[in-house]
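One-letter residues, chain by chain:
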Amino acid sequence: MNKKIVVTGGAGFIGSHVIRRFVSGYPEYQIINLDKLTYAGNLANLKDIENQPNYRFVKGDITDVEFIDSFFNKEKPDNIIHLAAESHVDRSISNPTEFVMTNVLGTVNLLNAAKKYWVGNYNENRFYHVSTDEVYGALGEEGLFTEETRYDPHSPYSASKASSDHFVRAYHDTYGINAVISNCSNNYGSHHFPEKLIPLAINNLLNNKSVPVYGKGENIRDWLWVEDHARAIDVIFHKGKSGETFNIGGHNEWKNIDLIILLCKIMDGKLKRVAGSSEKLISFVKDRAGHDIRYAIDSSKLQKELDWVPSLQFEEGLEKTVDWYLANTAWLDDVTSGGYLKYYQDQYVKR
Ligand code: NAD
Ligand code: DAU
């Protein structure tokens, strides 16, 4: 069946992988990438598919009520996959209000538009909200986050995502909006903005700069290949029951310091450096405020109900990621210099 899907935040890291998957995998769908192009949005992430007949980019801000209303009125999309967000925890600590605006109000604006324009068709039209495992707070040494784990966010970022999840559930329960939510663990892979741990470390090691490890590097994250996340979103979008939540994760827990040491070894090999030279660039720095100690996801519901499993072993995925960055130093240089902002943002005006 034909669908007209708006993907918000499609110029970002995960959004660009979701767009690529849907544009290539479903030529019968029309995919509109709705993105404000903040510092994190980069249309170069979609160069390979930008001329596909079933793809379009529209520049727009989900916090702008008038724009969202006229966009829905004009485009009449029948599905939303909502990824647009402020996504970096450290930025949320220095500027929490921006996270409330985009992550909470932006989500509510989209829900209001769906409520208004889909009236009479709530069952057919789907609102897919992409969220994070950080809403569940922090785990001790044992246990996993399940879909029943109580929300307990600690950072302004995770509090804003938790709030947006609650609004999506409230619009489902109150108005009958057809909604699904997924909560995923840390993603890694190509086109990841180099403020996040893995691409930041790759970029710094490449340039012989120190790699900042917060605290003692003992915090644990559960890493998932970004293309496996995009595949999970595809499956949940098509087969997940309305009102349901799915946890997505890689069963792949790593202490930050162990991950960075592995990355240093891979970089030494790829750059033909003396073994151990990259590790010398590790620098332990002041810890992140309110730093959650451990995240780990139980994705058995998704595996059992919708037959999804992660496809890549972490060591293989990390090596592929390093290979991508080494083959795309122009992308990296453009992002770190800010060149991409000028080039791409000047080309589009808000419609
Ligand atoms: P990102 O920061 O790379 O991209 C965010 C995108 O949203 C950018 O293209 C940006 O321009 C756009 N955007 C921001 N504010 C906007 C606004 N007001 N209007 C329109 N567009 C706007 O983020 P990401 O890492 O790709 O994460 C995407 C989503 O997935 C987020 O909702 C995030 O919470 C969630 N998530 C991320 C991870 C992860 O590991 N990165 C894990 C689980 C869930
Ligand atoms: O768990 C899912 C979340 O993963 C997503 O919802 C977020 O959008 C995404 O940014 C990510 O959040 P994290 O805070 O876990 O990712 P980040 O890459 O910022 O940090 C990963 C870990 O590495 C974390 O424990 C903090 C640490 N860290 C991070 C940076 C940037 C460092 O030690 N040094 C660093 O320089």
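If you're wondering where the values come from, they're calculated on a predicted model, not measured in any experiment.

How do you make sense of the pattern of salt bridges when you look at a structure like this?
Oppositely charged side chains can form a pair if their charged atoms are brought close together. Summed over the entire model, instances satisfying the criterion amount to 15 salt bridges. For the salt bridge of Asp 48 with Arg 20, the shortest nitrogen-to-oxygen distance reads 2.8 Å. Taken together, the residues span a long stretch of sequence, with Asp 48 in the loop between β2 (30–35) and β3 (55–59) and Arg 20 in helix α1 (residues 13–25) at a distance of 28 residues. Shared partners join several salt bridges into a network, and the residues in it are Lys 4, Arg 56 and Glu 75.

Looking at this model, I keep getting lost on the site of ligand 2. Mind explaining?
Not every one of the 23 residues close to ligand 2 is listed here, only the nearest: Thr 132, Asp 133, Tyr 157, Arg 288 and His 291. Within the contact set of ligand 2, an oxygen atom lies 2.6 Å away from a side-chain nitrogen or oxygen of Tyr 157. Here an oxygen atom of ligand 2 sits 2.8 Å away from a polar atom, N or O, in the main chain of Tyr 214. For the shell around ligand 2, the secondary-structure elements that each account for two or more residues are α6 (197–206) and β8 (211–214). The leading source of residues in the shell around ligand 2 is β8, at 3 residues. Here the shell around ligand 2 is built from residues that sort into 9 nonpolar, 8 polar and 6 charged.

What's the story with the site of ligand 1 in this structure? I'm lost.
Every one of the 28 residues lining ligand 1 counts as a neighbour, but Ile 14, Asp 35, Ser 87, Tyr 157 and Lys 161 are closest to it. Phe 13 has a polar backbone atom sitting 3.0 Å from an oxygen atom of ligand 1. Thr 38 is positioned with one of its backbone polar atoms (N or O) 3.0 Å from an oxygen atom of ligand 1. Burial of ligand 1 by the protein amounts to 97% of the accessible area it has alone, namely 840 Å². Mapped by element, the contributors of at least two residues to the shell around ligand 1 are α1, β5 (126–132) and α5 (156–175).

What is the right way to read helix α2 (residues 65–75) from this model?
Because an α-helix packs 3.6 residues into every turn, residues spaced three or four apart end up facing the same way. Along α2, the residues classified as buried are Phe 67, Ile 68, Phe 71, Phe 72 and Glu 75. Viewed end-on, α2 has its buried residues packed into an arc of 130°, placing them on one side of the element. Looking at α2, the residues exposed on the side facing more than 90 degrees away from the buried face are Val 65, Glu 66 and Lys 74. Structurally, α2 contributes buried residues whose contacts are with β1 (4–8), β2, β3, β4 (79–82) and α4 (96–117). For α2, the N-terminal cap is Asp 64; the gap from its side-chain oxygen to the backbone nitrogen of Glu 66 is 3.3 Å. Once α2 ends, the next one or two residues include Lys 76, with phi positive near 50°.

Help me understand the pairing of β3, please; the structure alone is not making it clear to me.
The buried count for β3 comes to 4 of 5 residues, which makes it a mostly enclosed element. Two strands pair when backbone bridges link them, and β2 and β3 are joined in this way by 5 bridges, in the parallel orientation. Looking across to β3, one finds that Asp 35 is bridged to Lys 59.

What exactly am I supposed to notice about the environment of Val 108 here?
Structurally, Val 108 is set in helix α4. Considered as a pair, Val 108 and Tyr 171 are 63 residues apart in the sequence and their alpha carbons are 9.1 Å apart. Beyond its immediate sequence surroundings of up to four residues, Val 108 is in contact with Phe 167 and Tyr 171.

I keep staring at the packing of aromatic side chains and nothing clicks. Help me out?
Between two aromatic rings, the relevant description is the distance of the centres plus the angle of the planes. Overall, the coordinates contain 19 aromatic pairs when judged by the stated rule. Consider the rings of Tyr 136 and Tyr 151, whose centres lie 5.6 Å apart with planes at 90°: the pair is edge-to-face. Here the residue Tyr 136 occupies a position in the loop between β5 and α5, and Tyr 151 occupies one in the loop between β5 and α5, the gap between them amounting to 15 residues. Tyr 136 sits in the buried class, given a relative accessible area of 3%. Between Tyr 325 and Trp 331, the ring centres sit 6.0 Å apart and the planes meet at 70°, which makes this aromatic pair edge-to-face. By the burial criterion, Tyr 325 is buried, and Trp 331 matches it. A connected cluster of aromatic rings, assembled from ring pairs, spans Phe 67, Phe 71, Phe 72, Tyr 117 and Trp 118.

It is not clear to me how unusual backbone geometry should be interpreted in this structure. Could you clarify?
Across residues other than glycine, the phi torsion is negative in most instances, and most of the peptide bonds are trans. Of note, Lys 76 is a non-glycine position whose phi angle comes to about 50°, a positive value. Relative to the assigned elements, Lys 76 resides in the loop between α2 and β4. Assessed through its relative accessible area of 55%, Lys 76 is described here as exposed. The phi dihedral of His 191 falls on the positive side, at around 60°, and the residue is not glycine. Mapped onto the elements, His 191 comes out in the loop between β7 (187–188) and α6.

Thresholds applied
- Residue positions are counted from 1 within each chain, in the order its sequence is given.
- A letter from A marks each chain and a number from 1 marks each ligand, given out in the order of writing.
- Only residues with pLDDT of at least 70 get local features here, since the model is predicted, and only at 80 or more are side-chain atom pairs given and counted; chain-wide, interface and lining totals rely on the full set of residues.
- Heavy atoms from the whole structure form the basis of all side-chain values; hydrogens and water molecules are not counted.
- The working definition used for a salt bridge is a side-chain nitrogen of Lys or Arg within 4 Å of a carboxyl oxygen of Asp or Glu.
- Per the convention used, a helix needs a DSSP run of H or I reaching at least four residues, while a strand needs a run of E reaching at least two, with both numbered from the N terminus.
- In this text, near means that some heavy atom of the residue lies within 4 Å of the molecule or strand in question.
- Residues adjacent in sequence count toward polar contacts only when both atoms are side-chain atoms; beyond that, a polar contact is any pair of N or O atoms within 3.5 Å, and within protein one must be able to donate a hydrogen and the other to accept it.
- Gly is placed with the polar residues, together with every amino acid not listed as nonpolar (Ala, Val, Leu, Ile, Met, Phe, Trp, Tyr, Cys and Pro) or charged (Asp, Glu, Lys and Arg).
- Throughout, the Shrake-Rupley method with a 1.4 Å probe supplies accessible areas, and for residues the shown protein chains are the sole cover considered.
- Type-normalised accessible area, obtained with a 1.4 Å probe on protein chains alone, sets the label of each residue: buried when under 20%, exposed when over 50%, and partly exposed for intermediate values.
- Throughout, the arc means that of the directions going from the helix axis to the C-beta atoms.
- What makes two residues a contact is simply this: any of their non-hydrogen atoms within 4.5 Å.
- Strands pair, by our definition, only if DSSP identifies at least two bridges between them.
- Any Phe, Tyr or Trp ring, taking Trp's six-membered ring, that has another such ring centre within 6.5 Å forms a pair; planes under 30 degrees apart are called stacked, those over 60 apart edge-to-face, and the others tilted.

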